[in-house]
Amino acid sequence: MTKIKNKIDRLGYHAPLNYVKFTRIRFLTTLFLFIYLLFILTKDYFYAPIITILYYNLFRVVLVDWPLNIYIARYEREAIRFFELVKLSLTKGNNIENALELTAKYFNSELSYAYIAALIEVKFGKSLVEAINDMELPSSIVKNALVSLTKKELKSKNKLEVMDNVIEVLKNNADIEMQKRINKVPLQVLVVLLVIFVPLMLLIIYAKDIVMIFN
Amino acid sequence: MISILNDNNLVSSNIPFFQIFLLLLIILLILIVKRFRMSIKHENRIKDFSIAPDEDILIINHYRMNYIKFINYLSFYFRDSVFLNKYAKYYEPYVGIVNNYYKSGLEFIISEIVFSILTLLSIDILLILNGYILTPFGFVMTILLSYGFIAFNHYKKFNNYRKEIKKSFYEFMTILLALLKDNSFIQSLDLVINKTKGSVNKELNKMKRDLEYGLSIHDAFVRCYERTKIREFNIIAEYIYVIPNIGGNTSDSFDLSYTTLLEKSKMERKVFNKTLGMYMFLVLLSLIPLFVFLNYLVFNYEYFFYITSTIMGRLIIFAIIILYLVYILSIRFIVRGSVRL
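To keep things clear, this report deals only with the structure shown in the data block. For every chain, the first residue of the written sequence is number 1, and numbering continues from 1 along that sequence. The order in which chains are written sets their letters, starting at A; the order in which ligands are written sets their numbers, starting at 1. A pLDDT threshold of at least 70 governs which residues receive local features in this predicted model, and a stricter bar of 80 or more applies before side-chain atom pairs are shown or counted, although totals over entire chains, interfaces and linings include all residues. To get the side-chain values, take all heavy atoms of the structure and skip hydrogens and water.

So, on to the interface of chain B and chain A. Each side of the interface is counted separately: chain B has 46 residues, and chain A has 40 residues. By definition, the buried area sums, over both parts, the 1.4 Å-probe accessible area that each loses when the two are put together. Area buried by chain B at its contact with chain A is led by B:I246, B:Y306 and B:I334, which between them contribute 15% of it. Salt bridges are defined by distance alone: a side-chain nitrogen of Lys or Arg within 4 Å of a carboxyl oxygen of Asp or Glu. Residue B:D252 is joined to A:K92 by a salt bridge in which the shortest nitrogen-to-oxygen separation is 2.8 Å. In the analysis that follows, any N or O atom pair within 3.5 Å is treated as a polar contact, provided that within protein one partner can donate a hydrogen and the other can accept it, and provided that, for residues neighboring in sequence, both atoms belong to side chains. Applying the counting criterion to the chain B and chain A interface returns six residue pairs in polar contact (both at pLDDT 80 or more). Secondary structure elements are taken from DSSP: a helix is a run of H or I of four residues or more, a strand is a run of E of two residues or more, and numbering for both begins at the N terminus. Going through the elements one at a time, α10 (231-246), α11 (250-274), α12 (276-286), α13 (288-299), α14 (302-308) and α15 (311-335) of chain B are the ones with two or more residues in the side of chain B that touches chain A. Throughout, a contact is declared for two residues whenever any of their heavy atoms are within 4.5 Å.

Here it is, written out as structure tokens:
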């Protein structure tokens, strides 16, 4: 339950279900599916366990894992643009806190909404460093970047170097994710060929025989 | 049970009456056209001695303008319909690009509906003259297919317009940035418009008109995005709004937007080049079912007569078509999924 809760919290308001509802619906639907496959179909007892196990895992994968991966990728790409704008405002003479506040105020992104929520906590008495450490962001790289920017030990001259390093790290991470995605493509294509193309060709070639068997 | 044509005895006994009625209609239409041609002949005799338009009078133009007037009348009649106006918003970008005849999204929707009804009528007439009539299933299928055909046509024309703009986007952005250093935005836009042609020229002229009417540069780019749905314009508009509030200039906003969009295009091109070989292989592989189908048609066409006479066979053909479409769409999604900022 805690693993699923952590993943659904990372999705934020994009999550399809509460984690309690998620687990209940998953359990009940797998139970009904198992009973249906065992007793109502009255075919072999071989398919029921396999299909229920596949359904149980695919329920989590389709509703939580895939949306989370897409969300994290989009979050990191928006974070690159956010930090580039922060760097621009630093070069025009602002300090880090003002720069972060202004970009969060005027630039529409998920990170800016989260930062504005942290600033509201600062108004109620927390320090900025505490608020940023308590933020729940989907990607840890962005959180580490924010934490590194708001450290007290930084001097004014090093801030631009830190910004450059942060942006470089995020861009390298985006390149690595893109490379991973490209490397996954052959496997996905193989699955599509086996699941869709081979049955399609078999249907075309043996259509007449299938019709003769059924008639 | 699932059939397009009806061979009922009741209906087939009344078909001669339908046929006679249709023949009379056709004779009437021929008489109307002949009368119209006589009137045009008389008009042409007086043409040399009167103030005439630049175009010659053609019958097809006359009927085309009447068809467009009919659609204008129908759009006026249905202007308060909530259902149609909701979907007319999606057709607003098509105005001026797909067609010069229709001036609103509602007219596009109504023209598509009228086209589907006209195809249905023409197919009905041809079938009745041959002794058949459509069942409800055939009725629904003809409407859906004809509506899909014309809607796809419109969408394809609009998409070609968008692709042309996307292709030459970075070229005109580099020219624009180089000119912005010495000129204002409208002056540099004028100079860029003189160097471009086609769909980019059209779009930039629209932007220039927005600026001449008094809109800000941010609003002009936002309206451009709403018309074309090209994300690059939205990103530029965002930066034009954000950067002056942070402490920069409009030239900083253009520079930063150009660098980010260049990186995005580089990543897209990288993915495209790395997956090109596999994509070509898969496209060739997708032609194999069509090749097999053509082989059967040429060498053994009785194969399909046996299959379509049973319900199971028709289900198999339906499954083949669905699987084929799923295959094409899934490959496009996997290999050509776009890179978004």
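Here the narrative resumes, following the displayed structure.
Further remarks concern a nonpolar patch on the surface. Together, A:F27, A:L28, A:L31, A:F32, A:I35, A:Y36, A:F39 and A:I40 give the surface a local cluster of nonpolar side chains, amounting to about 850 Å² of exposed area. Note on exposure labels: buried denotes an accessible area under 20% of the residue type's maximum, exposed denotes more than 50%, and partly exposed covers the range between, all computed with a 1.4 Å probe on protein chains only. On the basis of relative accessibility, which here comes to 44%, the residue A:L28 falls in the partly exposed class. The patch calculation keeps residues exceeding 30% relative accessible area without a salt bridge and links them within 9 Å when they carry like charges or within 5 Å when they are nonpolar (Val, Leu, Ile, Met, Phe, Trp, Tyr). For the area figures, the Shrake-Rupley method with a 1.4 Å probe applies, and any residue is considered shielded solely by the protein chains shown.

This part takes up the packing of helix α8 (residues 199-212) of chain B against helix α9 (residues 217-228) of chain B. Residues and elements named next belong to chain B. The convention used is that axes are lines fitted to C-alpha atoms, helices contributing only their stretch in contact, and that angles between N-to-C directions extend from 0 to 180 degrees. Where α8 contacts α9, the two axes come as close as 9 Å, and the packing angle between them is 140°. When the interaxial angle is binned, α8 and α9 end up oblique. Viewed along their axes, α8 and α9 form a crossing whose handedness is right-handed. For the pair α8 and α9, contact is made by E203, K206, M207, D210 and L211 and by I217, A220, F221, R223, C224, R227 and T228, respectively. Residue composition of the contact of α8 with α9, grouped by class: six nonpolar, one polar and five charged. With respect to orientation, any angle under 35 degrees is reported as roughly parallel, any angle over 145 as roughly antiparallel, any angle of 65 to 115 as roughly perpendicular, and every other angle as oblique. Two helices that cross are described as forming a left-handed crossing if the nearer one is turned anticlockwise from the farther one by less than a right angle, and a right-handed crossing if clockwise. Three residue categories are used. Nonpolar comprises Ala, Val, Leu, Ile, Met, Phe, Trp, Tyr, Cys and Pro, charged comprises Asp, Glu, Lys and Arg, and polar comprises the others, including Gly.

What follows deals with empty space enclosed by the protein. Here a cavity means grid points, on a 1 Å grid over the protein atoms only, where a 1.4 Å probe fits yet cannot get out; a pocket means an open set of points with protein on both sides within 12 Å along at least five of seven lines; lining residues are those with an atom within 4 Å of a point. Grid points are joined across faces, edges and corners, and a volume is the space filled by probe spheres set on the points. In total, this model carries two cavities of 30 Å³ or more according to the counting rule given. When its volume is computed, the largest cavity comes out at roughly 40 Å³. Lining the largest cavity, in full, are A:D175, A:M178, A:Q179, B:M267 and B:K270. Among the secondary structure elements, those contributing two or more residues to the lining of the largest cavity are α8 (159-205) of chain A together with α11 of chain B. Tallying contributions element by element places α8(A) first for the lining of the largest cavity, with three residues. Each residue belonging to the lining of the largest cavity can be placed in one class, and the counts come to two nonpolar, one polar and two charged. If you add up the space inside the second largest cavity, you get close to 40 Å³. Lining of the second largest cavity is provided by B:F172, B:M173, B:L176, B:L189, B:L204, B:M207, B:F221 and B:F233. When contributions to the lining of the second largest cavity are tallied by element, the ones reaching two or more residues are α6 (169-180) and α8 of chain B. A class-by-class count of the residues in the lining of the second largest cavity yields eight nonpolar, no polar and no charged.

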